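Listed below are the residues making up each chain.
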Amino acid sequence: GWSDGEQLCAAIVSLGSLLLVGSLFLGAQTAKGLVVPAVMIWAFVGIGIALKNPDDSLRNQFDDVIIVGVRRAALSFSVMISAVLAPRLAYIVFDKWFTIRITEL
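Residues numbered from 1 in each chain as written. Predicted model: local features only at pLDDT ≥ 70, side-chain atom pairs only at ≥ 80, totals over all residues. Heavy atoms only, no water.

### Points about the overall build of the chain
Right, so step 1: The helix and strand tally for the chain stands at 4 helices and 0 strands.
Right, so step 2: Listed N to C, the secondary structure of the chain is α-α-α-α in terms of helices and strands.
Right, so step 3: A compact globule built from 105 residues should have a C-alpha radius of gyration of about 13 Å, whereas the chain, at 19 Å, is more than 25% larger.
Right, so step 4: Its C-alpha atoms put the chain at 70 × 20 × 15 Å along the principal axes.
Right, so step 5: Buried positions account for 22% of the 105 residues belonging to the chain.
Right, so step 6: Counting only contacts in the chain whose residues sit at least 6 apart along the sequence, the fraction spanning at least 24 positions is 68%.
Right, so step 7: Taken as a whole, the chain presents about 7,500 Å² of accessible surface, with 67% of it coming from carbon and sulfur. (Helix = DSSP H or I, 4+ residues; strand = E, 2+ residues; numbered from the N terminus. Rg over C-alpha atoms; globule rule 2.2 N^0.38 Å. Buried < 20%, exposed > 50% of the residue type's maximum accessible area, 1.4 Å probe, protein only. Contact = heavy atoms within 4.5 Å. Areas by Shrake-Rupley, 256 points an atom, 1.4 Å probe, with all protein chains shown as cover.)

Written as structure tokens, this is what we have:
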């Protein structure tokens, strides 16, 4: 098995990879392209919730400082993606539903 340090490293790299993937999709020009960042937010929030009350095996393996740190990182990543996703979604919604389109007859 992996050492505690290797497992912590894998967790941090995994969170960072999810943040990267979510960030790449934030430049999408359509609402469909923004589904991936929304799923990443859901995943980060889910990780944060799961680490709020971790099971005993996780508590025995890692100190509370490590668990809280990873939890806060996951929740911070969800806020970071949300902060960029919300205005992008608002722009798409307002552009689609509240823009007057003039066409020549």
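### With respect to the side chain of Ser78
Right, so step 1: Looking at where Ser78 falls in the secondary structure, it is placed in helix H4 (residues 64-97).
Right, so step 2: Apart from the residues within four sequence positions on either side, Ser78 is in contact with Ile41, Phe44 and Val45.

### Some details on the packing of helix H2 (residues 35-50) against H4
Right, so step 1: It is at 8 Å that the axes of H2 and H4 come closest, and there the two elements cross at 155°. Between H2 and H4, the angle falls in the class roughly antiparallel. Our pair here, H2 against H4, has a crossing hand that is left-handed. Contacts from Pro37, Ala38, Met40, Ile41, Phe44, Val45, Ile47 and Gly48 of H2 reach H4 at Arg71, Ala74, Leu75, Phe77, Ser78, Ile81, Ser82 and Leu85. (Axes fitted to C-alpha atoms, helices over the stretch in contact; angles between N-to-C directions. Parallel < 35°, antiparallel > 145°, perpendicular 65-115°, else oblique. Left-handed = near helix turned anticlockwise from the far one by under 90°.)

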